[in-house]
Amino acid sequence: MEGKITEAGFGDLTSFTEMPRISSLALSPDGTRLVTVVATLSPDGKTWQGALWEVDPAGERPARRLTRGAKGESAPAFTPDGALLFVSARPDQEAKPADGKAAKDKAALWLLPPVGEARELYRPAGGVSEFVVARQAGTVLLAAGAHPTVEFGEQDEEHRKAREDAGVTAILHESYPIRYWDSDLGPSFPRLLATTAPVDVDSGRIDQAGGLVDLMPNAAARLEDSPAISPDGRWVVHAENVAVSPSYGHRVRLRLKSADGATDRVLADQEGHSFLQPAFLPDSSGVIAVRAFDSTMDSPWINTLVRIDLESGAVEELAADFTEEPDHPVVSPTGDAVYFTSSHRGHQPIWKLDLASGAVVKLTASGAYTDVRVSPDGASVYALRNAVDQPPRPVRLSASGVDQQAVPLPAPGAVESLPGTLTEIDTVVEDGRTVRAWLVLPAGASAEQPAPLLLWVHGGPVMSWSGWSWRWNPWLMAARGYAVLLPDPALSTGYGHDFVRAGWASWGAKPYTDLMSITDVAVRRDDIDDSRTAAMGGSFGGYMANWIATQTDRFKAIVTHASLWHLDAFTGSTDDSYYWIREMGDPLRQQEQVRANSPHLRVADIKTPMLVIHGDKDYRVPIGEGQRLYFDLVRHGVPAKFLYYPNENHWILTPGNAKIWYETIFAFLAEHVLGEPWQRPELL
């Protein structure tokens, strides 16, 4: 039942796609129940489908499945009386045939009592996109879309129907941005809706007419971050954009609203900074948030933790000497500590900040942690732990420990064996920084049988190789005999602010030389074959793959996925152009900066065969980048192939397309690195 994963599963792509995938974690108010989402392959094999599973916090009982909806379930959260709320688009068997026609395929809010069947609570015409529960009061704050010119509810449903009947899909934009990730913004925008009564085991359906307060009746922008509701249910805090200038874009401030809609004011707003990820203190007197120094051409963004008083709006900086980027703060139910995560030398630990003393300690020794949850008494911490060699799984930690090895809890999807081993290498580069990398070695690699090497460059770029990836999984390559190098060059997180600054606004400089330096270290090993190497990357990693192709012919093949190519064109076509301009500059005013970093100007220097991969629904790095890259390669006589996905975004997410992604890469590398004949994947 627990779906153990062994090394044999990495040698077969069908077995790999069938591996259980865990996400999300919810802890009941009394601390006795943990619930997670386990995604498995749907019966038709065309998607991964989430189901809710209960995990024993004590680690004594096996995990058990709670739901089996045909549309899947996600986003579990408990009410104060122990009912479990979740989001699902599955049909409501109790609804009358005429009920909810406009919303029948939209995501709804559901309730699963401790004993009994799940029932639907609320299905608006625009669907429920997210929700949070007031820990003590049991009221719910949810986000659901509606057109900005009409009232939420019946008017919105009529407006949707009128557009559909008239065949209108057009969207009029009067502000920027107009897209996000893989979706158009508008004509519907999210409203925040607060329930007027607690949602509990015995509550019926939420009354759209009288059971909800619309806190954003004129919303005409996407939510910048997940909102927060105070434990007592009285207050709501959410992030919103505030315009700064036509060239700079916006910053993000926090707004405070009463759940009854009577109070609405700015809580925190500071020039040159943005406020995100608010989390209420247990007594509802204030919030802990992340304050980010907004990036400029001279400096990357820098995160700090702050405490904001609800009454006065006073902002107090916390852990000022912390040298990494604090993220996702969680306040202990006892109010004495804040837990957060950050990158740190190839890991993503949980840190504990003591609010009384200001002391910060690292709770975890290794791995990357998400979904941190703290027990009601503040003694235990639960989270999902993953690592380069282990997919996410629920774990338990002591809240008072330091550099702990987490206790794994029984759940599906644990890895029992891998087709290779994991080690680390590093090197000191010219400016004195130490550049480190994970190195995956296939089983059997030795001086007698050295392995071909794949250099994989991470995306971001302000991130690091610190955890498991289903989309870029090095163990699939190890199962086929490759060693995989996962380096953290300049711009990577986990090594201090100066390490990011070293590559800021100069992607083609130190990030490139760092990658070549650490690759030099890898190929000097006697278990690596330096005559058979390739480079790969996606997003920023794809940019670096392109840049590498213009700078050296040391690699036998290069794979570039969702990559930046023509930086001037990219500046105005990406979904967040302001962020990009703040780093690289305006192409009209900082032409030399853009030209110095744009690989398209150096296409004539490329000699290495390249595989270009891109999805048409990629709005972060629009499809034009991939199209222009492929055309430039073809017209310059570079051996190239273009793997194009009409319906995928920045990531390749559906099972069939993911398998084709790997199969095409395997075949391309086999041809150019291993010297085997090209074998076109069967379904292409």
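Keep in mind that this is a model prediction, so the values were computed, not measured. (Residues numbered from 1 in each chain as written. Predicted model: local features only at pLDDT ≥ 70, side-chain atom pairs only at ≥ 80, totals over all residues. Heavy atoms only, no water.)

Where burial is concerned, most of strand 36 (residues 557-561) is hidden: five out of the five residues are buried. Two strands pair when backbone bridges link them, and strand 35 (residues 528-538) and strand 36 are joined in this way by five bridges, in the parallel orientation. Following the sheet pairing, glycine 538 is matched in strand 36 by histidine 561. Note on the crossover from strand 35 through helix 6 (residues 540-551) to strand 36: the handedness is right-handed. (Buried < 20%, exposed > 50% of the residue type's maximum accessible area, 1.4 Å probe, protein only. Helix = DSSP H or I, 4+ residues; strand = E, 2+ residues; numbered from the N terminus. Pairing = 2+ DSSP bridges. Right-handed = clockwise from strand over helix to strand, strands pointing away.)

Moving on, we come to helix 6. The end-to-end C-alpha distance of helix 6, which contains twelve residues, comes to 16 Å, matching closely the 16 Å that a straight helix rising 1.5 Å per residue would cover. Most of helix 6 is tucked away: eleven of the twelve residues are buried. (Expected span 1.5 Å × (residues − 1).)

This next bit is on the sheet that holds strand 1 (residues 21-27). Strand order in the open sheet formed by four strands is 1-2-3-4, with antiparallel pairing between adjacent strands. Each edge of the sheet is formed by a strand with only one pairing partner; in this case those strands are strand 1 and strand 4 (64-65). The sheet contact formed by strand 2 (residues 34-41) and strand 3 (residues 48-55) spans eight bridges and is antiparallel. Bridged to leucine 41 within strand 3 is tryptophan 48.

Here we take up the packing of helix 5 (residues 510-523) against helix 6. Two numbers describe how helix 5 lies on helix 6: the axes approach to 11 Å, and their chain directions differ by 75°. In terms of axis orientation, helix 5 runs roughly perpendicular to helix 6. Contact residues: Pro511, Tyr512, Leu515 and Met516 in helix 5; Phe540, Met544, Trp547, Ile548 and Gln551 in helix 6. When the residues that make up the contact of helix 5 with helix 6 are grouped by side-chain class, the tally is eight nonpolar, one polar and no charged. (Axes fitted to C-alpha atoms, helices over the stretch in contact; angles between N-to-C directions. Parallel < 35°, antiparallel > 145°, perpendicular 65-115°, else oblique. Contact = heavy atoms within 4.5 Å. Nonpolar A, V, L, I, M, F, W, Y, C, P; charged D, E, K, R; others polar.)

With that settled, the discussion passes to the environment of phenylalanine 499. Along the chain, phenylalanine 499 falls in helix 4 (residues 497-501). Its relative accessible area of 4% is what places phenylalanine 499 among the buried residues. Spatially, the C-alpha atom of phenylalanine 499 lies 8.4 Å from that of proline 489, the residues being ten residues apart in sequence. Those residues within four positions of phenylalanine 499 in sequence are excluded, and the remaining contacts are Arg433, Thr434, Val435, Asp488, Pro489, Ala490, Leu491 and Ser492.

Residue placement: glycine 272 occurs in the loop between strand 18 (264-268) and strand 19 (273-280). Residue class for glycine 272 comes out partly exposed when judged on its relative accessible area of 24%. For the pair glycine 272 and alanine 509, spaced 237 residues apart in sequence, the C-alpha to C-alpha distance is 27 Å.

The next thing to look at is the side chain of threonine 139. If you trace the backbone, threonine 139 turns up in the loop between strand 9 (128-133) and strand 10 (140-146). Given the relative accessible area of 10%, threonine 139 is considered buried. Contact partners of threonine 139, with chain neighbours within four places excluded, come to Val132, Val133, Ala134, Thr195, Ala197, Pro198, Ile229 and Gly233.

Okay, the pattern of salt bridges next. Tallied over the entire structure, the rule returns 35 salt bridges. We note a salt bridge from arginine 61 to aspartate 56, for which the minimum N-O separation is 3.6 Å. Aspartate 56 gets classed as buried once you look at its relative accessible area, which sits at 5%. The partner of arginine 501 in a salt bridge is aspartate 498, and the shortest N-O contact between them spans 2.9 Å. Here arginine 501 and its partner aspartate 498 are both found in helix 4, three residues apart, which amounts to about one turn of the helix. By relative accessible area, arginine 501 is classed as partly exposed at 35%. Take aspartate 498: its relative accessible area is 56%, and that puts it in the exposed class. When salt bridges that share partners are traced, they join Glu240, Arg251, Arg253, Arg255, Lys257, Asp264 and Asp269 into one network. (Salt bridge = Lys/Arg side-chain N within 4 Å of Asp/Glu carboxyl O.)

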